[in-house]
Amino acid sequence: MREQLVEQWSLDPGTEVVPAGPHLEIHRWAGHTGGPPIRLIVTDDDLRTFAEDLDMEDLAAVWPGRDRVWTALALLSVWVEETLATQPWPRELRLVDGELVVTA
């Protein structure tokens, strides 16, 4: 699922996300950079669990007709966007128990 995440996010030409060993690195988000790449700590298992735990009924109002995986990756994208819009450029983000957390 990490590969799908990179592919989906890379559709935005202003966003650069690359695999970097056990994590992903966000070099640019929606045309913005704020420092060194952000480490996004997320595993395939984290993403699978996140997708399985979503309330698809509620999210269908936002993204009708989308499957669970696409919806999970889109929701995570919104969370990254909100985090970067409301806080200084972090060094690390982590998906923990279904929430995006700034860890460094």
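Structural notes, computed from the coordinates.

Rules and cut-offs
- Residues numbered from 1 in each chain as written.
- Predicted model: local features only at pLDDT ≥ 70, side-chain atom pairs only at ≥ 80, totals over all residues.
- Heavy atoms only, no water.
- 1 Å grid on protein atoms, 1.4 Å probe; cavity = no way out; pocket = protein on both sides within 12 Å on 5 of 7 lines; lining within 4 Å.
- Points joined across faces, edges and corners; volume = space filled by probe spheres on them.
- Helix = DSSP H or I, 4+ residues; strand = E, 2+ residues; numbered from the N terminus.
- Nonpolar A, V, L, I, M, F, W, Y, C, P; charged D, E, K, R; others polar.
- Pairing = 2+ DSSP bridges.
- Axes fitted to C-alpha atoms, helices over the stretch in contact; angles between N-to-C directions.
- Contact = heavy atoms within 4.5 Å.
- Expected span 1.5 Å × (residues − 1).
- Buried < 20%, exposed > 50% of the residue type's maximum accessible area, 1.4 Å probe, protein only.
- Polar contact = N/O pair within 3.5 Å; in protein donor to acceptor, adjacent residues only side chain to side chain.

**Describing the layout of surface pockets**
Okay, so step 1: By volume, the largest pocket is sized at about 150 Å³.
Okay, so step 2: Contributing to the lining of the largest pocket are D46, T49, F50, D53, L54, W79, L95, V96, D97 and G98.
Okay, so step 3: Of all elements in the fold, only α2 (44-52) and β4 (92-96) reach the threshold of two or more residues within the lining of the largest pocket.
Okay, so step 4: Broken down by element, the lining of the largest pocket gets its largest block of residues, 3 residues, from α2.
Okay, so step 5: Broken down by class, the residue content of the lining of the largest pocket amounts to 5 nonpolar, 2 polar and 3 charged.

**Considerations on the sheet that holds β4**
Okay, so step 1: A sheet is described by the order of its strands in space; here 5 strands give the open sequence β1-β2-β3-β4-β5, paired in mixed fashion. Every other strand in the sheet has two partners, leaving β1 (16-20) and β5 (99-102) as the edge strands with one partner each. For this sheet, the mean inter-axis angle between neighbouring strands, taken without regard to orientation, is 25°.
Okay, so step 2: Sheet topology note: the β4/β5 ladder contains 4 bridges and is antiparallel. Each bridged residue has a counterpart across the sheet, and for V96 the counterpart in β5 is E99.
Okay, so step 3: Relative to the sheet, helix α1 (residues 2-9) contacts β1, β2 (23-28) and β3 (38-41), its axis offset from that of β2 by approximately 10°.
Okay, so step 4: Against the sheet, helix α4 (residues 68-86) makes contact with β2, β3, β4 and β5, and its axis sits at roughly 30° relative to β5, the strand it touches most.

**Examining α4**
Okay, so step 1: Its 19 residues give α4 an end-to-end C-alpha distance of 27 Å, which sits within 8% of 27 Å, the value for a rise of 1.5 Å per residue.
Okay, so step 2: Those residues of α4 that fall on the buried side of the exposure criterion are T71, A72, L73, A74, L75, L76, S77, V80, T83 and L84.
Okay, so step 3: Sitting at the head of α4, D67 places a side-chain oxygen 3.1 Å from the backbone nitrogen of V69.

**A closer look at the environment of V69**
Okay, so step 1: In this fold, V69 is placed in helix α4.
Okay, so step 2: Taking the relative accessible area as the measure of exposure, V69 reaches 25% and is therefore partly exposed.
Okay, so step 3: When the C-alpha atoms of V69 and L54 are compared, they prove to be 9.7 Å apart, with 15 residues separating the residues in sequence.
Okay, so step 4: When neighbours within four sequence positions are excluded, V69 is seen to be in contact with M1 and Q4.

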